6 protein chains.
Amino acid sequence: MKQVTVSRKAHFNAAHRLFRKDWSDAKNQEVFDKCNNPFYHGHNYELIVSVTGTIDPETGYVMDMKILKDLIKIHVEDAFDHKNLNEQVPEFASLIPTAEHIAVVIWEKLRPKIHKEHDLSITLYETPRNFVQYSGPNLNQN
Amino acid sequence: MKQVTVSRKAHFNAAHRLFRKDWSDAKNQEVFDKCNNPFYHGHNYELIVSVTGTIDPETGYVMDMKILKDLIKIHVEDAFDHKNLNEQVPEFASLIPTAEHIAVVIWEKLRPKIHKEHDLSITLYETPRNFVQYSGPNLNQN
Amino acid sequence: MKQVTVSRKAHFNAAHRLFRKDWSDAKNQEVFDKCNNPFYHGHNYELIVSVTGTIDPETGYVMDMKILKDLIKIHVEDAFDHKNLNEQVPEFASLIPTAEHIAVVIWEKLRPKIHKEHDLSITLYETPRNFVQYSGPNLNQN
Amino acid sequence: MKQVTVSRKAHFNAAHRLFRKDWSDAKNQEVFDKCNNPFYHGHNYELIVSVTGTIDPETGYVMDMKILKDLIKIHVEDAFDHKNLNEQVPEFASLIPTAEHIAVVIWEKLRPKIHKEHDLSITLYETPRNFVQYSGPNLNQN
Amino acid sequence: MKQVTVSRKAHFNAAHRLFRKDWSDAKNQEVFDKCNNPFYHGHNYELIVSVTGTIDPETGYVMDMKILKDLIKIHVEDAFDHKNLNEQVPEFASLIPTAEHIAVVIWEKLRPKIHKEHDLSITLYETPRNFVQYSGPNLNQN
Amino acid sequence: MKQVTVSRKAHFNAAHRLFRKDWSDAKNQEVFDKCNNPFYHGHNYELIVSVTGTIDPETGYVMDMKILKDLIKIHVEDAFDHKNLNEQVPEFASLIPTAEHIAVVIWEKLRPKIHKEHDLSITLYETPRNFVQYSGPNLNQN
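Our subject in this report is the structure included herewith.

**Quick word on the overall build of chain A**
Then comes step 1: When its secondary structure is counted, chain A shows four helices and five strands.
Then comes step 2: Written out in order from the N terminus, the α and β elements of chain A read β-α-β-α-β-α-α-β-β.
Then comes step 3: Taken over the C-alpha atoms alone, chain A extends approximately 60 × 35 × 25 Å along its principal axes.
Then comes step 4: When burial is assessed residue by residue, chain A has 59% of its 142 residues classed as buried.
Then comes step 5: For chain A, long-range pairs separated by at least 24 residues make up 68% of all intrachain contacts whose partners lie at least 6 apart in sequence.
Then comes step 6: Total accessible area on chain A is roughly 6200 Å²; 51% of this is exposed by carbon and sulfur atoms.
Then comes step 7: Of the side-chain charges in chain A, 17 are positive and 19 negative, and the distance between the mean point of each set is 2 Å.

Right under this line is the structure:
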């Protein structure tokens, strides 16, 4: 069986702020520094969604990239683009929108839409110099 | 005289919102669409500052790029990075922070710091797909 | 008056072949070499459309980039993407689809859609290492 | 033993068409959409060939990158560049030239030329937004 | 437990030469070719440092990227940037500064500074077309 | 007459040092800072050669890019690649190899090889963040 990983790039722009309501201003500033700006700052998030599976011998595809593109559009771009993540995206009502958490949230939103036998991995660039990767909970370690 | 353009790239992240206080919500929405999000959104702005002048025969430089790097740091990065442009940057208190206006403001901040006989041009990427360029007021047309 | 150039990137994929029906096979091969492959080859064309004009004091825009994006979609992407330029794009029925000619055709298609007082410039990457720029006929030289 | 992965980028331009002769036009259109254009379309394929092995203590190399560059030139670039994959590349006479299949074919062409104890992985960008990876048949699953 | 990989890009410029003192000039030339230039040549090395660990539930971080940025500054950039690797960096006094070895040296310098339960991986671009990856000694094979 | 600019990218790696023999060590250090390292440092220079002229109505080309590619190979890559600019490239025997001077030297080497009625412009990236442009002596100002 030939396993191939197919990847699709997308992007969205959003504002966010890193802080915990249950911490003092001083502690938030110490830990999150300028990312704690109460007026928010923002990023162009570059996203890579990777799906690993065997090639369908009929089509030569692992999965149709148009379908993957549409899934990203509906579940990520429409939900996050030009939004304030803290204020307007329900997943971050009580979850700090670090790049790590955004990647996990995207993975959890897309996972049920991807074929059960396919693996899913999310790469998210917060800036051209900082990026994160998440491929799902590490089952072996639980 | 050999004229050369030397350019330096930099970047900053910021939140912004496009709207006019003197317009109705409906008109703001019609004109600025999702850029009018009242909770803000944000970008990784990529900046290119270009200085044109003759080569100094002593140093082989048009200008020392370390000096240009420091000017950008002090006058642009420290002023704009991780800020909300509308709320925290005085130049945009009454100026809509479109990419065009941000480029003009950067040019006006840097122009007095650059040698009088040098020309200055600003290129600003708001996203990897949208960018603007400003090289100062077109004197011939005034 | 503050003149700013605003640019928008887009892309399309197409097949083409460089040859002249009125030349012998040998001459086509000598001049166009492997670009003369009768079975066609193809490229991911990366396009930058640049519009220069004064900033509208009401909106802070030279022009609304969503409108520019839509013009490129309708007049370039829908017309060229996933097409064989020689066989399926009428402009190249009798015009060799070199990068130079493609840039000129794009300029001529978009020019009537852009505000009369704005200047238009087309940059087209045929490969990441080869690109061309066209800004309209050089009136001074005619 | 210090295992390092060394990678080399290359590229080629080609035309292709996605369709099955044994399917109706309607089914080909439904599945492959605009990639089914009977006049072909094309891409600038960007290729990354990665070889994993231990560092040779004599040279400090996993393998000489000049040799890898030449292998890619002979077995991939010379075979695919400026070609119509469907019509002129024997491997695709009866194999749909999807990005997945092209990556598998490149892996199978290069595998016999790479040291037996080295692992080989192929990354192929069909467009700047779509790419695939193949690292050989997953033996554990057979 | 949610394992995420966080990555930070950095760069440095350096000169180097590939050769062995214990080989003849002819053998050095044969093996290292133009990389053996006794007057040195140089590169802009682009570095990606990747750290894999579980997300800290308090901060939403695997590790603070400002700390990672500072570690790279102190242990890699300050040590290698604008240096002649062969002559001025002690680690290469008797180790050929191939990209493979530079990646291993960076890994060994950073490993003690990274949390014991985190994994570390180094990606180093010697040119835009050549790059290497090292993730530590492969313990299973020793 | 339709004027088009055609551009070709290339690259070379080299070592260099910025200093003046007629200055004291202290003055060289003050002006050129870490670029004055007596053991040299190096860069991956990325080069863009741009030629502006009218489209040849017979071929659709301003000039054959294969010819431009070969001119760059012979006059720039073969002369500069994997070299120490100060020690091994005659043009820099008494000229400080700043990016500005390297661009001027490349322009002067290529200018006689380009059609008299074509304009020539050189863009040279010394690092991904620093680049220069030279388009020949500004005749109007002499």
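On we go from here.
**Brief notes about the arrangement of the chains**
Then comes step 1: Regarding chain A and chain C, which are not in contact, the minimum distance between any of their C-alpha atoms is 14 Å.
Then comes step 2: If you take every C-alpha in chain B and every C-alpha in chain E, the smallest gap between them is 14 Å, and the two do not touch.

**Section: the packing of helix H2 (residues 65-80) of chain C against helix H4 (residues 99-110) of chain C**
All names here are of chain C.
Then comes step 1: It is the contact of H2 with H4, at a shortest axis distance of 10 Å, that shows an interaxial angle of 140°. Accordingly, the angle class assigned to the pair H2 and H4 is oblique. Of the two elements, H2 crosses H4, and the hand of that crossing is right-handed. Together, Leu71, His75, Val76, Ala79 and Phe80 of H2 and Ile102, Val105, Ile106, Lys109 and Leu110 of H4 make up the contact between the two elements.
Then comes step 2: Residue composition of the contact of H2 with H4, grouped by class: eight nonpolar, one polar and one charged.

**Here we look at the relation of the copies chain C and chain B**
Superposition of the two copies of the chain requires a rotation about an axis together with a shift along that axis.
Then comes step 1: In screw terms, the move from chain C to chain B is a rotation of 120° and a rise of 0.0 Å along the axis, fitting with an RMSD of 0.0 Å. In short, the pair behaves as if placed about a three-fold rotation axis.

**Comments concerning the relation of the copies chain D and chain C**
Then comes step 1: Superposition record for chain D on chain C: RMSD 0.0 Å, screw rotation 180°, translation along axis 0.0 Å. Seen this way, the second copy is the image of the first under a two-fold rotation axis.

**Remarks on helix H1 (residues 25-32) of chain D**
Then comes step 1: The complete set of buried residues in H1 of chain D reads Asn28, Val31 and Phe32 of chain D. The buried residues of H1 of chain D occupy an angular sector of 75° when the element is viewed end-on, so they sit on one face. With respect to the buried face of H1 of chain D, the exposed residues turned more than 90 degrees away are Ala26 and Glu30 of chain D.
Then comes step 2: Contacts made by the buried residues of H1 of chain D are with helix H2 (65-80) of chain A.
Then comes step 3: The positive-phi residue at the C-terminal boundary of H1 of chain D is Asp33 of chain D, with phi of around 50°.

**Considering the interface of chain D and chain C**
Then comes step 1: Taken together, the contact pairs 22 residues of chain D with 22 residues of chain C.
Then comes step 2: Of the roughly 1900 Å² buried at the junction of chain D and chain C (both faces included), carbon and sulfur atoms supply 54%.
Then comes step 3: Looking only at chain D, the three residues that lose the most surface to chain C are Phe39, Asn44 and His82 of chain D, adding up to 32% of its buried area.
Then comes step 4: We note a salt bridge from Lys34 of chain D to Asp81 of chain C, for which the minimum N-O separation is 2.8 Å.
Then comes step 5: Connecting chain D to chain C are 15 residue pairs in polar contact (both at pLDDT 80 or more).
Then comes step 6: Of all the elements in the fold, those that place two or more residues in the side of chain D that touches chain C are strand E1 (3-16), strand E2 (41-54), strand E3 (83-84), helix H3 (85-88) and strand E4 (119-127) of chain D.
Then comes step 7: Per-element tally for the side of chain D that touches chain C: the top contributor is E2 of chain D, with five residues.
Then comes step 8: The residue makeup of the side of chain D that touches chain C, split by class, is six nonpolar, ten polar and six charged.

**Observations concerning the packing of aromatic side chains**
Then comes step 1: For the structure shown, the criterion picks out 42 aromatic pairs over all chains.
Then comes step 2: Look at Tyr125 of chain C and Phe131 of chain C: their rings are 4.4 Å apart centre to centre, the planes differ by 20°, and that puts the pair in the stacked class.
Then comes step 3: Summarising the aromatic geometry, the rings of Phe12 of chain F and Tyr45 of chain F are spaced 5.0 Å apart at their centres and angled 20° between planes, so their arrangement reads as stacked. Taken as a pair, Phe12 of chain F in strand E1 (residues 3-16) and Tyr45 of chain F in strand E2 (residues 41-54) lie far apart in primary sequence, 33 residues in all.

**A few points about unusual backbone geometry**
Then comes step 1: The phi dihedral of Tyr40 of chain C falls on the positive side, at around 75°, and the residue is not glycine.
Then comes step 2: Along the chain, Tyr40 of chain C turns up in the loop between helix H1 (25-32) and strand E2 (41-54).
Then comes step 3: Under the relative-accessibility criterion, Tyr40 of chain C is labelled buried at 13%.
Then comes step 4: Of note, the phi angle at Asp33 of chain E is positive, near 50°, even though the residue is not glycine.
Then comes step 5: Relative to the elements of secondary structure, Asp33 of chain E occurs in the loop between helix H1 (25-32) and strand E2 (41-54).

**Some thoughts on the interface of chain C and chain B**
Interface size is often expressed as the accessible area that is lost when the parts come together.
Then comes step 1: Listed per partner, the contact involves 23 residues of chain C and 25 residues of chain B.
Then comes step 2: Here chain C packs against chain B, burying approximately 2000 Å² in sum over the two surfaces, 48% of which is carbon and sulfur.
Then comes step 3: Of all residues in chain C, Lys9, Glu58 and Tyr61 of chain C give up the largest surface area on contact with chain B, accounting jointly for 24% of the area buried on that side.
Then comes step 4: Residue Glu108 of chain B is joined to Lys2 of chain C by a salt bridge in which the shortest nitrogen-to-oxygen separation is 3.2 Å.
Then comes step 5: If you look at where chain C meets chain B, you find nine residue pairs in polar contact (both at pLDDT 80 or more).
Then comes step 6: When contributions to the side of chain C that touches chain B are tallied by element, the ones reaching two or more residues are strand E1 (3-16) and H2 of chain C.
Then comes step 7: In terms of residue count, the dominant contributor to the side of chain C that touches chain B is E1 of chain C (nine residues).
Then comes step 8: Looking at the side of chain C that touches chain B residue by residue, the class counts come to eleven nonpolar, six polar and six charged.

Conventions adopted
- Residues numbered from 1 in each chain as written.
- Chains lettered and ligands numbered in written order.
- Predicted model: local features only at pLDDT ≥ 70, side-chain atom pairs only at ≥ 80, totals over all residues.
- Heavy atoms only, no water.
- Helix = DSSP H or I, 4+ residues; strand = E, 2+ residues; numbered from the N terminus.
- Buried < 20%, exposed > 50% of the residue type's maximum accessible area, 1.4 Å probe, protein only.
- Contact = heavy atoms within 4.5 Å.
- Areas by Shrake-Rupley, 256 points an atom, 1.4 Å probe, with all protein chains shown as cover.
- Lys, Arg positive; Asp, Glu negative; His and termini not counted.
- Charge placed at Lys NZ, Arg CZ, Asp CG, Glu CD.
- Axes fitted to C-alpha atoms, helices over the stretch in contact; angles between N-to-C directions.
- Parallel < 35°, antiparallel > 145°, perpendicular 65-115°, else oblique.
- Left-handed = near helix turned anticlockwise from the far one by under 90°.
- Nonpolar A, V, L, I, M, F, W, Y, C, P; charged D, E, K, R; others polar.
- Least-squares fit on C-alpha atoms with pLDDT ≥ 70 in both.
- Arc of directions from axis to C-beta.
- Buried area = accessible area lost by both parts, 1.4 Å probe.
- Salt bridge = Lys/Arg side-chain N within 4 Å of Asp/Glu carboxyl O.
- Polar contact = N/O pair within 3.5 Å; in protein donor to acceptor, adjacent residues only side chain to side chain.
- Phe/Tyr/Trp six-rings, centres within 6.5 Å; stacked < 30°, edge-to-face > 60°.

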